[in-house]
Amino acid sequence: MARIEGVDLPRNKRVEVGLTYLFGIGPTRVQKILAHTKVNPDTRIKDLSEADVAAIREFISKNFKVEGDLRREVQLNIKRLIEIGSYRGLRHRRNLPVTWPAHQDKCAHSQRNQENGCGSWSS
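Now for a quick tour of the structure.

Parameters and conventions
Residues numbered from 1 in each chain as written. Predicted model: local features only at pLDDT ≥ 70, side-chain atom pairs only at ≥ 80, totals over all residues. Heavy atoms only, no water. Helix = DSSP H or I, 4+ residues; strand = E, 2+ residues; numbered from the N terminus. Polar contact = N/O pair within 3.5 Å; in protein donor to acceptor, adjacent residues only side chain to side chain. Contact = heavy atoms within 4.5 Å. Axes fitted to C-alpha atoms, helices over the stretch in contact; angles between N-to-C directions. Parallel < 35°, antiparallel > 145°, perpendicular 65-115°, else oblique. Left-handed = near helix turned anticlockwise from the far one by under 90°. Nonpolar A, V, L, I, M, F, W, Y, C, P; charged D, E, K, R; others polar. Expected span 1.5 Å × (residues − 1).

For the rest of this paragraph, the subject is the environment of V17. Counting through the fold element by element, V17 comes out in helix 1 (residues 15-18). Linking V17 and I45, residues 28 residues apart in sequence, is a C-alpha distance of 9.5 Å.

And the structure:
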């Protein structure tokens, strides 16, 4: 079983998918990691050699902040926003949405258009 940054990766998944189980590593970073370490993305994690796992582990630890360090940094950033009293900090403190979802504006506009007879549902 491959263990990277304290996380056991699922054995039967492809490396391309399994590495995304690490906090802070998404599909784009996985592509960079696999290209640099020259590991085939279609290989299953259980089929990786120890040398491949060691190369991936070393590349991640040198180039990316993941798991505990990244979580700590995010929490410190939120704490800083709260302490300085910024708008985003106040939203965090009150457990309200910090940013407004764009889809709600879109829905409101489409409803307004439907009421005015501009939407596809108008009769």
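Topologically, E67 is positioned in helix 4 (residues 67-84). Side-chain polar atoms of E67 contact the backbone nitrogen of F23, separated by 2.7 Å. Setting aside residues no more than four positions away along its own chain, E67 makes contact with E5, V7, Y21, L22 and F23.

Remark: helix 2 (residues 27-37) packs on helix 3 (residues 50-63), axes separated minimally by 10 Å, with the N-to-C direction vectors making an angle of 125°. Taken together, the axes of helix 2 and helix 3 are oblique relative to one another. Along this stretch, helix 2 crosses helix 3, giving a crossing that reads as right-handed. Taken together, the residues of helix 3 that come into contact with helix 2 (itself represented by K32, I33, L34, H36 and T37) are A55, I56, F59 and I60. Broken down by class, the residue content of the contact of helix 2 with helix 3 amounts to six nonpolar, two polar and one charged.

Here helix 4 is 18 residues long and its end C-alpha atoms lie 26 Å apart, about the 26 Å a rise of 1.5 Å per residue gives. Contacts made by the buried residues of helix 4 are with strand 2 (7-8) and helix 5 (87-93). Note on helix 4: the residue one or two positions beyond its end, G85, has a positive phi of about 75°.

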